[in-house]
Amino acid sequence: MPVETALYDLLGVEPEATEDEIKKAYRKKAREHHPNPDDPEAGSKFQEMAAAYEILSSVETRETYDRFGMEGISGNGGRGPSMDAADLFAELFGGANFGFNFGPDMRPRRTRGEDTIINYDVTLEDLYNGKTVRMNMEKQIVCQVCKGSGAKGSAKPKQCAKCEGKGWTFIQTQMGPNQIGTSRARCSECGGHGEKLREKDRCKKCKGEKTVKEKNREEIHIERGVPNRTRIVLSEAGDEEPGVPPGDVVLVLKCKPHPSFERSGNDLLTTVHITLSEALLGFSRILVTHLDGRGVHVTSPKGKIIKPGDSIILRGEGMPIYKSPDQKGHLYVILEVDMPEESWLKTVDQPALEALLPPKKPEMDPKPAVIDEVPFEERDIVDVRETPFAGSNFFDHGFGTQFGEGDEGDWEDEDEEDETGEPECRPQ
């Protein structure tokens, strides 16, 4: 004779029932108590029977239940590591215990408070030079009047009437036509604790919340060269909760785009415009105002002609290397040549200028058999350039909106078959 018959009673069968009799009884009960909006308790009963059937339909778990009852199910009949009954049902049925009361507040208990994540915007100058930030912060601390109990004096909380001390209730959701889903949710009355203080018994300072807000000032040091999205951790500076250590405050540094410089690791990139005269005859001037305000003076080699898009490297002028700020990466400079305005051309002796410049390219020889005269029309287009940072995120290479429109890749062959290998349209 089984030591416990509660599961058999739920299904309405005798302890000696066969597997088929248990299955038939479960199906009958399931139809009777299928979740529906008109009977809020039906969902709870339905899931209780599902739990009972899960245990009694297996030869091994039924034998354990007959010999040891629910204590044997939760403790594995003394044949292995003990498992709490609530944990067993959580493992089998996704966290619901189907109405069996295994004690109040079955929520998993945390060993520390939650971390507070703060995204903090910084400039590239901040990361280059370093910075000390003083932040006004607000956090929850354990109430010092009630010591985190939430109660006035020696008052004790009462069992929550809504969840009957379980800390959760069943809720039903419309899943589709004639289909209702039932799931478990934290009790809205007691916040999942299974117990609740009467209003007159609550601490006057924290109003029964167990914690109060406190403002404080934290000082954060941003080191030179620190990478973007670095996490600065303020240990145990997060919100406090009774009975567990506070979590951390984590600042995530997010660098804002810079109008002149772009960063890749320890290197920097910038673009400098020079005149046609400087491109042909050289230059010796301050090319860049750096992130620390310094002017960077550069002299080009004599006799060097600079072409549009040429690049130079200024070694040791990149970002300070994190944790080794005396060392720096490199600064890459893209040189763009600004052509003179058309108004300038009108002020010079053009024949004399032509004599000074390299000769024009001669006409093609031999000429093609067919020559079409095509009008000259200006159109802006984004250049595709090879740079020292090819493959990096410094440039989004591509053409303007007009280029590539009507690409044959946009066309679809009417006879092309779909992914299944069959034509999309078939004769009827």
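A brief report on the enclosed structure follows.

Cut-offs and rules
- Residues numbered from 1 in each chain as written.
- Predicted model: local features only at pLDDT ≥ 70, side-chain atom pairs only at ≥ 80, totals over all residues.
- Heavy atoms only, no water.
- Helix = DSSP H or I, 4+ residues; strand = E, 2+ residues; numbered from the N terminus.
- Contact = heavy atoms within 4.5 Å.
- Expected span 1.5 Å × (residues − 1).
- Buried < 20%, exposed > 50% of the residue type's maximum accessible area, 1.4 Å probe, protein only.
- Arc of directions from axis to C-beta.
- Patch = residues over 30% accessible without salt bridge, like charges linked within 9 Å, V, L, I, M, F, W, Y side chains within 5 Å.
- Areas by Shrake-Rupley, 256 points an atom, 1.4 Å probe, with all protein chains shown as cover.
- Salt bridge = Lys/Arg side-chain N within 4 Å of Asp/Glu carboxyl O.
- Lys, Arg positive; Asp, Glu negative; His and termini not counted.
- Charge placed at Lys NZ, Arg CZ, Asp CG, Glu CD.
- Pairing = 2+ DSSP bridges.
- Axes fitted to C-alpha atoms, helices over the stretch in contact; angles between N-to-C directions.

## Some points on the overall build of the chain
When helices and strands are counted, the chain shows nine helices and 17 strands. Of the contacts made within the chain by residues no fewer than 6 positions apart, 62% connect residues no fewer than 24 positions apart.

## Topic: helix α2 (residues 19-32)
Helix length check: α2 (14 residues) gives 20 Å between terminal C-alpha atoms against 20 Å at 1.5 Å per residue, within 8%. Along α2, the residues that are buried comprise I22, A25, Y26 and A30. Along the long axis of α2, the arc covered by the buried residues comes to 135°, so they all point the same way. Opposite the buried face of α2, at more than 90 degrees from it, the exposed residues are D20, K24, R27, K28 and R31.

## Overview of the environment of E195
For E195, the location among the structural elements is in strand β6 (residues 195-196). Spatially, the C-alpha atoms of E195 and Q159 are 4.2 Å apart, while their sequence positions differ by 36 residues.

## Some remarks on a positive patch on the surface
Taken together, the side chains of K23, R27, K28 and R31 present a region of like positive charge at the surface. Looking at the element boundaries, R31 is found in helix α2.

## Things to note about the pattern of salt bridges
The full count for this structure, using the stated rule, is 14 salt bridges. Here K323 makes a salt bridge to E223, at a shortest N to O gap of 3.1 Å. Of this pair, K323 sits in the loop between β15 (320-321) and β16 (324-328) while E223 is found in the loop between β7 (211-222) and β8 (231-234), placing the two residues 100 residues apart along the sequence. Residue class for E223 comes out partly exposed when judged on its relative accessible area of 30%. Among the ionic pairs, D292 bridges to R294, the shortest N-O distance being 2.7 Å. The class of D292 is partly exposed, set by a relative accessible area of 33%. You can call R294 partly exposed: its relative accessible area is 31%. Each of R112, D115 and D248 takes part in a single network of salt bridges with overlapping partners.

## Describing the sheet that holds strand β14 (residues 310-314)
Strand order in the open sheet formed by four strands is β10-β11-β17-β14, with mixed pairing between adjacent strands. The sheet is open, and its two edges are formed by β10 (262-264) and β14, each paired on a single side. Across the sheet, the axes of successive neighbouring strands diverge by a mean angle of 30°, strand direction being ignored. Strand direction decides the pairing type here: β10 and strand β11 (residues 267-275), joined by three bridges, are antiparallel. If you follow S264 over to β11, its bridge partner there is D267.

## So, the environment of V250
The residue V250 is located in strand β9 (residues 249-255) in this model. Sequence-distant contacts of V250, that is, excluding residues within four places in its chain, are made with T116, I117, I118, R231, I232 and V233.

## Overview of unusual backbone geometry
Look at the link from D365 to P366: it is a cis peptide, with omega at 0°. The residue P366 is located in the segment after α9 (350-356) in this model. Phi is positive for E164, close to 60°, though the residue is something other than glycine. Tracing the backbone shows E164 in the loop between β3 (158-159) and β4 (168-176). Of note in the backbone geometry, K207 takes a positive phi value of approximately 60° without being a glycine. Tracing the backbone shows K207 in the loop between β6 and β7.

Taken by themselves, the reported measurements are silent on function.
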